Number of protein chains: 2
Amino acid sequence: MHRDLPIDPIDDETILRGVIDRATTHLLDPPRGADPVIAYASPDELAATFAGTVGLPIGADARANPDERLLAAVDQVVEWSMHTSHPRFVNQNFAGADPISVVGDWLGAALNTTGATYEVAPVFTLMESAVLDKLGRLAGYVDRSEARLPALPPGVFCAGGSMGTLLALQLARHRHQPDIATVGSNGDRLVLFVSASGHYAARKSAAVLGIGADGVVEVATDRHGRMVPEALGDAIVEARRAGNVPFAVIGTAGTTVTAAFDDLGALADICRREDLWLHVDACYGGSALFSAAQAWRLDGVERSDSVVWNLHKMLGMTQQCTALLVKDPTRLAACFAARADYLFQPDKLNGEYDSGDRTFMCARRTDVLKLWLTWKARGDDAFAARIDHAVAMAERARRGIATSDGAFVPIVLGDFTNVVFAWVPPKLRAAVSATGGGQLDVAALDESVRSELHGYPPRIKARLQEAGTGMIGFQPVGGLNAFRLICISPTLQPDDVDALLRAIDSCGLDATDAPAPTGH
Amino acid sequence: MHRDLPIDPIDDETILRGVIDRATTHLLDPPRGADPVIAYASPDELAATFAGTVGLPIGADARANPDERLLAAVDQVVEWSMHTSHPRFVNQNFAGADPISVVGDWLGAALNTTGATYEVAPVFTLMESAVLDKLGRLAGYVDRSEARLPALPPGVFCAGGSMGTLLALQLARHRHQPDIATVGSNGDRLVLFVSASGHYAARKSAAVLGIGADGVVEVATDRHGRMVPEALGDAIVEARRAGNVPFAVIGTAGTTVTAAFDDLGALADICRREDLWLHVDACYGGSALFSAAQAWRLDGVERSDSVVWNLHKMLGMTQQCTALLVKDPTRLAACFAARADYLFQPDKLNGEYDSGDRTFMCARRTDVLKLWLTWKARGDDAFAARIDHAVAMAERARRGIATSDGAFVPIVLGDFTNVVFAWVPPKLRAAVSATGGGQLDVAALDESVRSELHGYPPRIKARLQEAGTGMIGFQPVGGLNAFRLICISPTLQPDDVDALLRAIDSCGLDATDAPAPTGH
């Protein structure tokens, strides 16, 4: 290690090339098949493992480590991390980053600039314009088919879906009270509406906005997890009657657990009638717009006021890549501009392209490059194929559950990419089965049965983790822990779906014979 | 391009290796010396350039492009982007990403997981614990020298400094009103205090919090840009007299323009007396804690309640790497937890390490890896050397200005890394000079002189940009556009400092002979 300045990359070539080789190998030849999804270890075990190389903690007077030990530590990082591109990582609403996105991300990191001003990010500023223009056309916000590079595109990039939701709700509040950014809340008891299956970012945002989580009215959903529009109408009337002031509705396009899509057209009708801002949380489901077979799920989105869309979810960008689309982009600067004179000088070149004064954040990573590059490399069709593949794999899982002789019982089967189900031990398979509509009526279960079924997912998941054979999430649905199989990884194949179901059944059978785990 | 799923990286090997080669070349052999800092182009020129490869806009029915055209476009991305690691990029409070940070970032992107839960990010969760524990010890928040890996470390990572400020102010408000996150604002007319030289994130955050930018009281600064503690005391008294409710003070450790450090000990005294939350915006200057010669600037930080610290500024991490330190970390979950049951199941393994319910964001990029890797590779001493080098280069600039025979006049010379000055045309050099304290008294200038001096920085900067010889910022200080030379790039050498000053003088002399530009 050379510690004299200036830092010269050539002095660090061994470590740099060593890390690049390892990252490249992981990218071109990722774990798959019989490779473990995760080599699961407890915090103590990981600390002991890294103690053999450079150690995880950073001590007082931390010293430089020799290259070979550093590279051994890098091998450990790869070995003990989650392999999200493994076909059997179905744990979350992201998976399987597109390798082109990964290298686009690498190039952005090597260039290391920020997205706030044209002067330090000319190419990336225009890429944002290009991508936001295209996303705006897909969402029906821009009423032309011709591609352009507007100085004021219909939205901004931001750091994740929760941030997008926060900014959208501030835009909605700004519409209700145009001087909010200057004088603060006028004291109205603001309320907003989101389905009971909507993302918790609504409550978290309301807390930060000073509205409070109690200002988020959770509207009833049907048994698929879709907001019931009539219930929304009733909730608005009820809120006004109670002296509260409705200002926004969040429609969800792809809920977190069941991937349900609210009827955006019906919500838009209500918002027009009630003069409310309609924000669409399309973090998960927005990418359905690419698929001719699936785009109908977002019908009505063109009538909304804002959309937040995570391209790092279904579209496979690396963490993170989030677009907040805004139908009237002049609202952005009106709501967020601070006119910092050290950045947004009125007398500099091409300042009208600067995005920094149209959003909350100052410096931003140039997340657009990876998306633009992947788009130029693969085209619209590849994005559509990614969505269609995900739905096909979910169909495979639904068929597997239907033909499992009672080993699995549907909780919310859905018709998109998420399949939510319970595992049933053999002794209960006769007693527990789907009722009308093909889903289990959890409320009708005997408490002893519910309690027993509820206990299996954490125990089965722990066994899958420890064996590294699969990574699948669970959460309570109607009071019963249910597995959530999310089929968005492009590496997921029919055999993997079948194998995952078999592994869950097998771990379940083992768990019925074993005492409950006491922790690891 | 293969468009059949599953995406198999081996099908894309040409484009993947092509991008990796280009990014690696840029990393190992970056532009320097006579290479341009930027090949400056207008939006129209860039659009025309890219039209020769794959085009910037994304059309209707966008198609896949062949590899050779894509790689030609990647070459254009590099050629036309800002080269922030070039020694003569002194435009901003970031520059020169450490190459080890860059490859750490690459590895994180290849592994593509999120930082919210231990189960999907076991290694990165423990790295966050290690780094936050060490940063907490540096800031005096953790009162021991022994390194640990606590399940509840003293802070969280977040997406940028503005986000950190927002979260800190919400924590401060939560202390004032513990039910804020649930019931919303109780109607108190909250005010917070920050120096007039503080970052605009305070106003932007107040707007989003529903307090409003008017709730941010800007406290007077001395001529170096440091908050005057007595003025803070007076402002608090005045605010209470007016019926407002003070709840927080932001002390700045390294202001955006002059890199001034508020007297944190004096501010802590006032905050204790007045029962206010003290947040320290150490986004820029926090890294001075690494330097034995500079750490005194943050004396008193250990008495604050929270600190936001951008490791992507002075420490050279890639965009972005931000730590929000919180002295009492139990406040985080109390303020931000939403207890989403699909992520933070009480019955899963090692859930007590999950950071996701201690912050606002859900998914987060694993920004910690690059910092941990760089730290293990270089040690504390290299970080200290980076800071000391920056201050030495700023000293070089101050000497250059002092010996410029009046070509440059100090506006705020400072004694840290930022040097703020004006360029003076020969005909005015006799009339314009520093008065008492070695700085120009802008207010005492003739309006015609002020107006003429004010006009030069944008014209000089445009010439530097168009020639690619240097990239330096300017902003009004006391009504006069002044250059801001930020000496934090580790590649910046004495010759570069001298050459930058010569280039500014030369462009200034050219500008006096030419009409004002009409735009590009």
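What counts and how
- Residues numbered from 1 in each chain as written.
- Chains lettered and ligands numbered in written order.
- Predicted model: local features only at pLDDT ≥ 70, side-chain atom pairs only at ≥ 80, totals over all residues.
- Helix = DSSP H or I, 4+ residues; strand = E, 2+ residues; numbered from the N terminus.
- Buried ≥ 20, exposed ≤ 12 C-beta atoms within 10 Å, placed from the backbone.
- Contact = placed C-beta atoms within 7 Å.
- Pairing = 2+ DSSP bridges.
- Axes fitted to C-alpha atoms, helices over the stretch in contact; angles between N-to-C directions.
- Parallel < 35°, antiparallel > 145°, perpendicular 65-115°, else oblique.
- Left-handed = near helix turned anticlockwise from the far one by under 90°.
- Least-squares fit on C-alpha atoms with pLDDT ≥ 70 in both.
- Domains from an automatic or database assignment.
- pLDDT = per-residue confidence, 0-100.
- Expected span 1.5 Å × (residues − 1).
- Arc of directions from axis to C-beta.
- Bend = angle between axes of the 7 residues up to and from the residue.
- Core = buried A, V, L, I, M, F, W, Y, C linked by C-beta atoms within 7 Å.

Some remarks on the overall build of chain A
Check the secondary structure of chain A and you find 14 helices and twelve strands. Along the longest, intermediate and shortest principal axes, the C-alpha atoms of chain A span 75 × 70 × 45 Å. The buried share of chain A, reckoned over its 520 residues, is 62%. Counted over contacts in chain A with a minimum sequence separation of 6, partners at least 24 positions apart contribute 72%.

With respect to the sheet that holds strand β8 (residues 322–326) of chain B
Backbone hydrogen bonds are what pair the strands of a sheet, in a parallel or an antiparallel way. All names here are of chain B. Sheet architecture is open: seven strands sit in the order β2-β8-β7-β6-β5-β3-β4, paired in mixed fashion. The sheet is open, and its two edges are formed by β2 (155–158) and β4 (216–219), each paired on a single side. Strand-to-strand twist in this sheet, taken as the mean axis angle between neighbours without regard to direction, amounts to 20°. Judged from the four bridges that link them, β2 and β8 form a sheet pairing that is antiparallel. Residue Gly 155 lies in a different strand from β8, and its bridge partner there is Leu 325. Lying on the sheet, helix α10 (residues 264–274) is in contact with β5 (245–252) and β6 (277–281); it crosses β5 at an angle near 170°.

What to know about the packing of helix α1 (residues 13–28) of chain B against helix α3 (residues 67–80) of chain B
All names here are of chain B. Interhelical geometry of α1 versus α3 gives an angle of 20° and a closest axis separation of 10 Å. On the basis of the axis angle, α1 is roughly parallel to α3. Considering only the axes of α1 and α3, their crossing is right-handed. Across the interface between the two elements, Thr 14, Ile 15, Gly 18, Val 19, Arg 22 and His 26 from α1 touch Asp 67, Leu 70, Leu 71, Val 74, Asp 75 and Val 78 from α3.

What about unusual backbone geometry?
Cis geometry marks the peptide bond from A:Gln319 to A:Gln320, where omega comes out at -10°. Mapped onto the elements, A:Gln320 comes out in the loop between β7 (306–310) and β8 (322–326).

Overview of the relation of the copies chain A and chain B
For these two chains of identical sequence, chain A goes onto chain B by a turn of 180° and a shift of 0.0 Å along the axis, with RMSD 0.0 Å. Viewed as a symmetry operation, the transformation between the two copies matches a two-fold axis. Within chain A, the C-alpha atom positioned nearest to the axis of rotation is that of A:Leu209, 2.2 Å from it. An overlap of 100% is found between the interface residues of chain A and their copies at the interface of chain B, pointing to a shared contact surface.

Points about the domain arrangement of chain A
Residues and elements named next belong to chain A. Domains assigned within chain A are domain 1 (15–38 + 82–112 + 371–520) and domain 2 (114–365). On a C-alpha basis, the centroid separation for the pair domain 1 and domain 2 is 29 Å. Taken together, the contacts link 31 residues of domain 1 with 28 residues of domain 2. If you list the elements that add at least two residues to the side of domain 1 that touches domain 2, you get α4 (99–111), α12 (368–402), β10 (418–423) and β11 (471–477).

Observations concerning the sheet that holds strand β12 (residues 480–486) of chain B
Residues and elements named next belong to chain B. One open sheet accounts for five strands, arranged β1-β11-β12-β10-β9; its pairing is mixed. Among the strands making up the open sheet, the edge pair consists of β1 (89–90) and β9 (408–412). Here strand β10 (residues 418–423) pairs with β12 via four bridges, running antiparallel. Within β12, the position partnered with Val 420 by the bridge is Arg 484. On top of the sheet, helix α13 (residues 447–467) reaches β10, β11 (471–477) and β12; it is set at about 40° to β12, its chief contact. In this fold helix α14 (residues 494–512) packs onto β1, β9, β10, β11 and β12, with an angle of close to 25° to the strand it touches most, β10.

Topic: the pairing of strand β5 (residues 245–252) of chain A
Residue and element names in this part refer to chain A. Most of β5 is tucked away, with seven of its eight residues classed as buried. Where β5 and strand β6 (residues 277–281) come together, five bridges link them in parallel fashion. Note on β6: the bridge partner recorded for Val 249 is Leu 278.

Regarding the confidence of the model for chain A
Looking at chain A, the pLDDT average stands at 94 and 97% of residues meet or exceed 70. Confidence metrics for the complex model read pTM 0.96 and ipTM 0.96.

Details of the environment of A:Ala109
Along the polypeptide, A:Ala109 turns up in helix α4. Residue classification places A:Ala109 among the buried residues on the basis of 25 C-beta atoms within 10 Å. Along the sequence, A:Ala109 and A:Gly300 sit 191 residues apart, while their C-alpha atoms lie 37 Å from each other. Ignoring sequence-local partners within four residues, the contact set of A:Ala109 consists of B:Val102, B:Asp105, B:Trp106 and B:Thr318.

Some remarks on α3(B)
The terminal C-alpha atoms of α3(B), which comprises 14 residues, lie 20 Å apart, in line with the 20 Å expected from a rise of 1.5 Å per residue. What α3(B) keeps buried is the set B:Leu70, B:Leu71, B:Ala73, B:Val74 and B:Val77. Looking straight down α3(B), one finds its buried side chains confined to an arc of 155°; they lie on one side. On its buried face, α3(B) is in contact with α4, α5 (122–138) and α12 of chain A together with α1 and α2 (43–51) of chain B.

Details of α12(A)
Residue and element names in this part refer to chain A. Counted at 1.5 Å a residue, the expected span for α12 with its 35 residues is 51 Å, but the 42 Å between its end C-alpha atoms falls short. Along α12, the sharpest change in direction is near 95° and occurs at Gly 379. Taking burial as the measure, the 35 residues of α12 include 27 buried ones, the bulk of the element.

Section: the nonpolar core
Ranked by internal contacts, the top residues of the largest apolar core, which has 374 residues, are A:Leu192, A:Ala422, B:Leu192 and B:Ala422. Two domains each put at least three residues into this core: domain 1 (15–38 + 82–112 + 371–520) and domain 2 (114–365) of chain A. Setting aside residues no more than four positions away along its own chain, B:Ala422 makes contact with B:Phe408, B:Val409, B:Ile411, B:Leu440, B:Leu453, B:Leu480 and B:Ala482.

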